[in-house]
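The lines below spell out each chain.
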Amino acid sequence: MKKQSFLTLGLLALSIGISQAQSDPQKVISSLQDKTDYYGAISKKIWDYAEVGYQETKSSALLQAELKKAGFNIESGVAGIPTAFIATYGSGKPVISILAEYDALPGLAQAATPERKVIEGQRAGHACGHHLFGTGSSAAAIAVKDWLKQSGKTGTIKLIGTPAEEGGSGKVYMVRDGIFKDTDVALHWHPGDANAANPSSSLANISGKFRFKGISAHAAAAPERGRSALDGVEAMNNMVNMMREHIPQDTRIHYIITKGGEAPNVVPDFAEVYYYARHKDRSILQNVWKRITKAAEGAALGTETTMELEVIGGVYNLLSVESLASLMHKNLEQVGGFSYTDEEKKFAEKLTESFGASFGSLPKPGSAQQIAPYSAASLLGSASTDVGDVSWVVPTVGMTAATWVPGTAPHSWQAVAAGGTSIGVKGMMVAAQTLALTAIDLYNDPALVKKAKEEWEELRGKNFKYEALLGDRKPALDYRK
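Just so we're clear, the structure is a prediction, and the values are computed from it rather than from any experiment. (Residues numbered from 1 in each chain as written. Predicted model: local features only at pLDDT ≥ 70, side-chain atom pairs only at ≥ 80, totals over all residues. Heavy atoms only, no water.)

**Describing the overall build of the chain**
The helix and strand inventory of the chain stands at 13 helices and 14 strands. With the principal axes as the frame, the chain shows a C-alpha extent of 110 × 55 × 40 Å. Relative to its full complement of 481 residues, the chain shows a buried share of 53%. Within the chain, contacts between residues at least 6 apart in sequence are counted, and of these 82% link residues at least 24 apart. When the accessible area of the chain is evaluated, it comes to approximately 21300 Å², of which 53% is carbon and sulfur surface. Here the chain holds 50 positive side-chain charges and 50 negative ones, and the gap between their average locations is 5 Å. (Helix = DSSP H or I, 4+ residues; strand = E, 2+ residues; numbered from the N terminus. Buried < 20%, exposed > 50% of the residue type's maximum accessible area, 1.4 Å probe, protein only. Contact = heavy atoms within 4.5 Å. Areas by Shrake-Rupley, 256 points an atom, 1.4 Å probe, with all protein chains shown as cover. Lys, Arg positive; Asp, Glu negative; His and termini not counted. Charge placed at Lys NZ, Arg CZ, Asp CG, Glu CD.)

**Regarding the sheet that holds strand β3 (residues 95-100)**
Reading across the sheet, the six strands line up as β1-β2-β6-β3-β7-β14 and stay open at both edges, with mixed pairing between neighbours. Two strands bound the open sheet, and with one partner strand each, they are β1 (73-76) and β14 (396-402). Direction aside, the axes of adjacent strands within the sheet are offset by 20° on average. In this structure, β1 lies alongside strand β2 (residues 85-91), joined through four bridges in antiparallel fashion. Pairing of serine 76 across the sheet is with phenylalanine 85, part of β2. Relative to the sheet, helix α8 (residues 322-335) contacts β7 (185-192) and β14, its axis offset from that of β14 by approximately 35°. Against the sheet, helix α12 (residues 422-444) makes contact with β3, β6 (155-161), β7 and β14, and its axis sits at roughly 165° relative to β7, the strand it touches most. (Pairing = 2+ DSSP bridges. Axes fitted to C-alpha atoms, helices over the stretch in contact; angles between N-to-C directions.)

**Here's the deal with the side chain of glutamate 66**
Residue placement: glutamate 66 occurs in helix α3 (residues 57-69). Its relative accessible area of 13% is what places glutamate 66 among the buried residues. A polar contact of 2.6 Å, which involves the side chain of glutamate 66, links it to the side chain of tyrosine 38. (Polar contact = N/O pair within 3.5 Å; in protein donor to acceptor, adjacent residues only side chain to side chain.)

**Quick notes on the environment of glycine 136**
In this structure, glycine 136 sits in helix α4 (residues 130-151). Assessed through its relative accessible area of 0%, glycine 136 is described here as buried. The spatial distance from the C-alpha of glycine 136 to the C-alpha of serine 339 is 19 Å, given a sequence separation of 203 residues. Contacts of glycine 136, omitting those with residues within four sequence positions, involve Trp189, Met428 and Ala432.

**Topic: the packing of helix α2 (residues 36-49) against α12**
For any two helices packed against each other, the geometry is given by the interaxial angle and the distance between the axes. Close contact between α2 and α12 brings their axes to 10 Å; oriented N to C, the two are set at 115°. By the angle between their axes, α2 is roughly perpendicular relative to α12. As α2 packs across α12, the resulting crossing turns out to be right-handed. On the side of α2, the interface is formed by Thr36, Tyr39, Gly40 and Ser43, while α12 contributes Val425, Met428 and Met429. (Parallel < 35°, antiparallel > 145°, perpendicular 65-115°, else oblique. Left-handed = near helix turned anticlockwise from the far one by under 90°.)

**Structural notes on α8**
Between the first and last C-alpha of α8 there are 20 Å, a value that for 14 residues agrees with the 20 Å anticipated at 1.5 Å per step. Count one or two residues on from α8 and you reach glycine 336, which has phi positive near 80°. (Expected span 1.5 Å × (residues − 1).)

**Things to note about the pattern of salt bridges**
What the rule picks out here adds up to 20 salt bridges. Here lysine 44 makes a salt bridge to aspartate 48, at a shortest N to O gap of 3.0 Å. Of the two residues, lysine 44 and aspartate 48 both sit in helix α2, four residues apart, roughly one turn of that helix. What makes aspartate 48 partly exposed here is its relative accessible area of 39%. Several salt bridges converge on common partners, so that one network encompasses Arg211, Glu272, Glu310 and Arg473. (Salt bridge = Lys/Arg side-chain N within 4 Å of Asp/Glu carboxyl O.)

**Re the pairing of β6**
In terms of burial, β6 is largely enclosed, as seven of its seven residues are buried. Of the two faces of β6, both are covered, the one formed by Gly155, Ile157, Leu159 and Gly161 as well as the one formed by Thr156, Lys158 and Ile160. Sheet topology note: the β2/β6 ladder contains seven bridges and is antiparallel. Bridged to phenylalanine 85 within β6 is glycine 161. Pairing between β3 and β6: six bridges, direction parallel. Bridge assignment links valine 95 to a residue of β6, and that residue is threonine 156.

**Describing the nonpolar core**
Generally speaking, soluble globular proteins have nonpolar side chains that are buried together. Residues Leu187, Phe210, Phe212, Met236 and Ile292 are the most contacted members of the largest nonpolar core, which totals 131 residues. Top element by residues in this core is α12. It accounts for 14 residues. Beyond its immediate chain neighbours, meaning those up to four positions away, isoleucine 292 contacts Phe210, Met236, Val240, Met243, Ile253, Tyr275 and Ala277. Within the second largest apolar cluster, six residues are counted, among which are Leu105, Ala127, Cys128 and Val416. (Core = buried A, V, L, I, M, F, W, Y, C linked by side-chain atoms within 4.5 Å.)

**Remarks on the packing of α8 against helix α13 (residues 446-460)**
Where α8 contacts α13, the two axes come as close as 8 Å, and the packing angle between them is 140°. Classed by the angle they form, the pair α8 and α13 counts as oblique. Taking contact as the criterion, the partners of Glu322, Ser323, Leu324 and Leu327 in α8 are, on α13, Leu448, Lys451, Ala452 and Glu455. The residue inventory of the contact of α8 with α13, partitioned by class, reads four nonpolar, one polar and three charged. (Nonpolar A, V, L, I, M, F, W, Y, C, P; charged D, E, K, R; others polar.)

**What about the packing of aromatic side chains?**
The full count for this structure, using the stated rule, is 15 aromatic pairs. Here phenylalanine 133 and tryptophan 189 contribute two aromatic rings whose centre-to-centre distance is 5.8 Å and whose plane-to-plane angle is 55°, an arrangement assigned as tilted. Here phenylalanine 133, found in helix α4, pairs with tryptophan 189, found in strand β7; they are 56 residues apart in sequence, far enough to count as distant. With respect to class, phenylalanine 133 is no different from tryptophan 189; both count as buried. Between tyrosine 316 and tyrosine 466 the ring centres are 5.1 Å apart and the planes differ by 35°, which places this aromatic pair in the tilted class. Here tyrosine 316 is found in the loop between β12 (306-315) and α8, whereas its partner tyrosine 466 is found in the segment after α13, with 150 residues between them in sequence. (Phe/Tyr/Trp six-rings, centres within 6.5 Å; stacked < 30°, edge-to-face > 60°.)

What follows is the structure, encoded as structure tokens:
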């Protein structure tokens, strides 16, 4: 009888333990849903700050303050970057790191309205939704910290504050500095116009500023005395544009002339052009970049000017671990999408009118309720991200959430507008919940971490050695100035 009582008590305890474990995901989802307005207010502050790369002083400080208040230990100014930080809670393995971005894009100030309305006096706007990225990731990290504390599980959760994703390659310096050396799995997400967690890759990218120096002179009275730095820039651009026919067709090259002189009647003695080059294969990209540099050198020779190159950024392509992607997709399906209110529908319909007929058939707002079907085949995206470098030094997985009106292009005023509304906040919370559940799965089942590492090791190759594409330069803290 006594033995039976012990058996009964044991089974009851096991039943309670299983029941509690099964209810944990829903508790995490509910706790985050309850804080939607709270985290929405934080994201709106960062949306208002709209600070560009390496100048995200207020945005970084706000997120650090929230994480410190939640019980995280904060290490600021890591990897020689004043706005980069690491927030840590817990101890032991596994170590799960969640990435957070918070930089805005220059020249895209926009009110949260469905028609173009520039915010006067504001230099930048969150046209890639990084105000949501940073806040949503922080919300997920805090939810995981609460779960670790309540469950008594061993493990470490980190929120890695990563500045200047937009062309500044912030994470590259952090990877190079060893910030991720003890991380077992890295999680990230990105704003978008759909909810998806399929395996995906990206384009490797190298960027740099070519600076030409010449001799100034009166453009009419003594032009023969001058050597135009702008001629050097234009000659370079012409040669690169002719080169496009003779490089792999899936290469992307774009540039802007950032400085072209001060007055038409003065031969400019200084001019600068800012280049990006992209390709899915970084070895091909490096060869293309060498040819672009040769064009600059030839332009300087032909115009009797001098040229200096500052490599601003360089990022790897994203390495996708399918086992982690399928895990995140499972959790995204559990979280689900969200519905638009009548007011949000009106906003979306009005905003969609600005896309124009050239965009063809656009998805309807109802697609925010849906989760994109899963496919194990890795999709190649057309953008670049410094998350790519992280993915080559630690197994990494990410997702997108429908923070924008379906059909919205990244880096557009429409993305800024939607990101400043409740539509953006709802999508952000879908991501926060999904990231939190994925981290909890990894703590609960060490076999998932082991499998991910094995798959990742095979993908990158046994003899892989990480070398940053931007070399040993210090962080380009003034690249947006």
